[in-house]
Amino acid sequence: MRGILPRKIKGFRDLGPELTRVKWDIIHSASQIYRNYGFEHWDTPVIEYADCLGKYLPESDSVAEGVYSFQNPEKEPVYQTDGKELRDENDHVVMENHFLTLRYDLTAPLARVYAEKLWAQFLRNQVQENKTPLFRRYQYGPVYRFEHKLDPGRFREFWQLDFDTVGSDDVSVDAEACMILSDAMEALGLKRGDYLVKVNNRKLLKGFLYHLGIDTDEKEQTVLRVIDKVDKIGIQSMGEELGEGRMDVSGARIPGLGLDKTVIHQIMDFLQKFSDSEKRAHVLEALEKSGIMNQYTQEGIQELHRIDSTLKAIDFLEDRVIFSPSLVRGMGYYTGPVFEVESTQTFKDEKGRERRVGSICGGGRYDNLVKNLLGIKVPATGASIGVDRLAELLFLTNRLPSVTQPTGPVLVIVFDDELMPEYQVIARELRNKGVNTEVFYGFQRGLKKQLAYADQKNCPVAIMLGEDELKKGVVTVRDLRLGKEMSSEIANKDEWKKNAQFEVQRELLIDKIVSMI
RNA sequence: GCCGACGUAGCUCAAUGGUAGAGUACUUGACUGUGGAUCAAGUUGUUAUGGGUUCAAAUCCCAUCGUCGGUUCCA
């Protein structure tokens, strides 16, 4: 017989109070920075029409690999390119169960929002390239990807925290994105030097590879994919992989791209030449001297110059933002500057091995944001904080120790059902003063149980009111925080009790508690 | 998808073909209205699942499932 096993979908998780708190800390402090730069908060649905996200139907050739899709139970009209309903030979509107997709990032929905706003004008042919409106928004929320392989720290449901500027091709926006990322990292508690914003320009790589005879998008993509791994596998292995392939430590054979030896050496030289430069100006100088000049590299260098001078003007030096000509960022859709925030911190895993956290934010410029939807180029640039990655980082490196053990509520102990109304009055009065207060409602009402509960929730204070106190017109207050401090030193139970516990007149209770919190 | 390692109590892990154990957690008591520490007692298992070899399997073999590490792919 089939039964029900309580369980979660792989790659989805429950977040306890500690992680939840870290997560919202990140969101609040970073959002504050985004607003500080003028971005407005938007939110969009978790589910979208598959075609609007640039994902097409499972039966078509471009199978929506990697996303969660399903058919809408409701039939709706099919549209033509001019926005009118598609009709059959009998002039009936063609109806379909459209495919729906859980959003896999926040950028695709942004494109939909932007295109939807422009749609009416677009139909009237009033939308022109280079005249599209400026739109700046930030957004956070869960996104969903159907990953086959789930590395630790990689999930199928995870949160992103994006800001994007649509409708500007000025690279000052890219420079600004670096400022924002840097400010955001510091706002949520990272110290200068705990992180580095790394910047590169896709045009530079494109121009360089073009110079080496790698002149098609397809070739470029495969080469970039290998270059992207250099941090992970080292320059030597990367070279092997560009050439004849290599043997992995595990014995797996990794096929190479079969590039020419001289080409490979030039790529390796290029990457090594810049990996040691610390000054942005030095990198630019070296790039100019390299003599690889074509349309792409020229534009790329010029843009980096602009970014450098913008950052320099407000004293964003190399302790925050560096140029890193080897930075690729996997995705193919970037067209200009790309950036990434790397955590320089390490932590020890459960086996005591030193581990790096790596990249925690990424972004860049992409000119084809709404190309699918409006058919025109709209320049956009933006970046995304990987909230869950960052939460884990803060957790692992213990950057926020106070967050890992949040203070619990004041606990009102329940001795007697008859006194419940009075317990509620006390709780009410405390809450009105802004003190988090909980009345104990558990089954097991032994005092021991209730105090153990308070201890487990890290309550600072317990309030006890029973028959004895009622007769005297007092309330017993137990300072759990003080008690915890003393517990390591004091063995004598009575003395311990004497110090951490006292009686107070009922009418003085609230002020007393407030002063203790 | 491919290569490798691992899977024993809620958790962390022992037991090298011969009776399945410890720490921790949990429950109860010492303390009948008092957290921690201490002490005492108690509960916890189809050794991932299914098959095979053997007088005898947690242990050896095969398959399946799961976890981890590496690799491939990734809008």
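Quick note: structure is the one above.
**Some points on the sheet that holds strand 3 (residues 69-77)**
Strand order in the open sheet formed by 3 strands is 2-4-3, with antiparallel pairing between adjacent strands. Unpaired on one side and paired on the other, strand 2 (47-49) and strand 3 mark the two borders of the sheet. Across this sheet, the average inter-strand angle for adjacent strands is 40 degrees, counted without regard to direction. With 3 bridges joining them, strand 2 and strand 4 (residues 95-102) adopt antiparallel strand pairing. Looking across to strand 4, one finds that Ile47 is bridged to Leu102.

**Comments concerning the environment of Cys361**
For Cys361, the position within the fold is in strand 12 (residues 354-366). Taking the C-alpha atoms as reference points, Cys361 and Phe339, 22 residues apart in sequence, are found 8.3 Å from one another. Beyond its immediate chain neighbours, meaning those up to four positions away, Cys361 contacts Leu181, Met185, Arg329, Phe339, Glu340, Val341, Ser384 and Ile385.

**Focus on the sheet that holds strand 16 (residues 461-464)**
Spatially, 5 strands are ordered 15-14-16-17-18 in an open sheet, and the strand pairing comes out mixed. Both outer strands of the open sheet, strand 15 (437-439) and strand 18 (501-505), are each paired with one neighbouring strand and no more. Averaged over all pairs of adjacent strands, the angle between strand axes in this sheet comes to 25 degrees, irrespective of strand direction. In this fold helix 17 (residues 480-487) packs onto strand 16 and strand 17 (474-479), with an angle of close to 40 degrees to the strand it touches most, strand 17.

**With respect to helix 9 (residues 280-289)**
Along helix 9, the residues that are buried comprise Arg280, Val283, Leu284 and Leu287. What you see down the axis of helix 9 is that its buried residues fit within an arc of 95 degrees, all on one side. Once helix 9 finishes, Gly291 follows within two positions and takes phi at roughly 80 degrees, a positive value.

Reading the values: the criteria
- Residues numbered from 1 in each chain as written.
- Chains lettered and ligands numbered in written order.
- Predicted model: local features only at pLDDT ≥ 70, side-chain atom pairs only at ≥ 80, totals over all residues.
- Heavy atoms only, no water.
- Pairing = 2+ DSSP bridges.
- Helix = DSSP H or I, 4+ residues; strand = E, 2+ residues; numbered from the N terminus.
- Axes fitted to C-alpha atoms, helices over the stretch in contact; angles between N-to-C directions.
- Contact = heavy atoms within 4.5 Å.
- Buried < 20%, exposed > 50% of the residue type's maximum accessible area, 1.4 Å probe, protein only.
- Arc of directions from axis to C-beta.

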